[in-house]
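Understanding the architecture of this molecule
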Amino acid sequence: MMSDKTILDELASFAKYRVSESIKQMPLTDLRREAESLPKGLFEFENALKKPGLSFICECKKASPSKGIISRDFPYLDIAKEYEEAGADCISVLTEPKWFLGADSYLKEIARAVSIPCIRKDFTVDEYMIYEAKLLGAKAVLLICSILDKGQLREYINICDALGLSALVEAHDEKEIETALDSSARVIGVNNRNLKDFKVDTANSRNLRNLVPSDRIFVSESGIRSVEDIREIKDFGADAVLVGEVLMRAEDKKALLTEFKKV
């Protein structure tokens, strides 16, 4: 009998397993105490996206389920510093270890090495992962509507608020946009990639833009490949864009990001 589980289901399931293993090393009560003992953040991530013009969230990503290994050498600190020097507003760091070959240590080191805010790009399925993100130096976490219900989203956003972290709440369709808005999300990302089958359509952001009010930050995520894509995203009024694979594959990341920022 064939399984009808999607890649996203597997990612979420493995994230729950990872949490169960981490709890054996540090119970939630201890982790929460450590995270809450740190200075409260100033919501640096969302504030960085509020400036005039299109803001850029640039991704450090070694691999993905759809593309396999993207960067074999993966000099992640050099990449992060290149992004910052080229004018990136934020850095997205993959910490999912199985399909994206990410690591918590990448985020911890990058957050220390750059002065711009980092978001922990992972499949948050438990409050434990939010407290982890705080301790790793992240200024934001990703919350995905496809794997969290409205109650969980509200609870996790409240935890983020208490820690001074931002939450990038990711949606893919009209129903998920409604869920994000109902959960009081301040930063809403529309993923142009369907996480159930990993097909990409950059028109998805354009089609959903008018459903997000102007007092929320709108981020277009995934599938950006060219100056033309950036121009289109800017024209329909996105506040920010998350760019990953095209930058990771570029020989001169600074030059490409500089070109994007000129649009």
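Residues numbered from 1 in each chain as written. Predicted model: local features only at pLDDT ≥ 70, side-chain atom pairs only at ≥ 80, totals over all residues. Heavy atoms only, no water.

Focus on unusual backbone geometry
Backbone geometry places L101, a non-glycine residue, at a positive phi of 55°. Residue position: L101 is located in the loop between β4 (90–94) and α5 (104–113). The phi dihedral of S184 is positive, around 70°, even though this residue is not glycine. S184 gets classed as partly exposed once you look at its relative accessible area, which sits at 47%. (Helix = DSSP H or I, 4+ residues; strand = E, 2+ residues; numbered from the N terminus. Buried < 20%, exposed > 50% of the residue type's maximum accessible area, 1.4 Å probe, protein only.)

Re the layout of surface pockets
Roughly 160 Å³ of volume is contained in the largest pocket. Lining the largest pocket are 14 residues, with S146, H172, D173, E176 and K196 positioned closest to its centre. At the level of secondary structure, the elements contributing two or more residues to the lining of the largest pocket comprise β7 (166–171) and α8 (174–182). Residues of the lining of the largest pocket, tallied by class, amount to four nonpolar, four polar and six charged. (1 Å grid on protein atoms, 1.4 Å probe; cavity = no way out; pocket = protein on both sides within 12 Å on 5 of 7 lines; lining within 4 Å. Points joined across faces, edges and corners; volume = space filled by probe spheres on them. Nonpolar A, V, L, I, M, F, W, Y, C, P; charged D, E, K, R; others polar.)

Details of the pairing of strand β1 (residues 55–60)
Extensive coverage of β1 is indicated by the burial of six of its six residues. Neither face of β1 is exposed, since S55, I57 and E59 on one face and F56, C58 and C60 on the opposite face are all buried. Note that β1 and strand β10 (residues 240–243) share four bridges and pair parallel. Looking across to β10, one finds that S55 is bridged to A240. As judged from the four bridges shared by β1 and β4, these two strands associate in the parallel manner. Residue E59 lies in a different strand from β4, and its bridge partner there is S92. (Pairing = 2+ DSSP bridges.)

Side note on helix α7 (residues 150–163)
The first and last C-alpha atoms of α7 sit 20 Å apart over 14 residues, in line with the 20 Å expected at 1.5 Å per residue. All buried positions along α7 are accounted for by L153, Y156, I157, I159, C160 and L163. Down the axis of α7, the smallest arc covering the buried residues is 160°, so these residues share one side. For α7, exposure combined with an orientation more than 90 degrees from the buried face picks out N158 and A162. Of the surrounding secondary structure, the elements contacted by the buried residues of α7 are α2 (28–37), α6 (127–136), β6 (140–144), β7 and α8. Trailing α7 by a residue or two, G164 shows a phi angle of about 75°, which is positive. (Expected span 1.5 Å × (residues − 1). Arc of directions from axis to C-beta. Contact = heavy atoms within 4.5 Å.)

Keep in mind that these numbers describe shape and distance, not what the molecule does.
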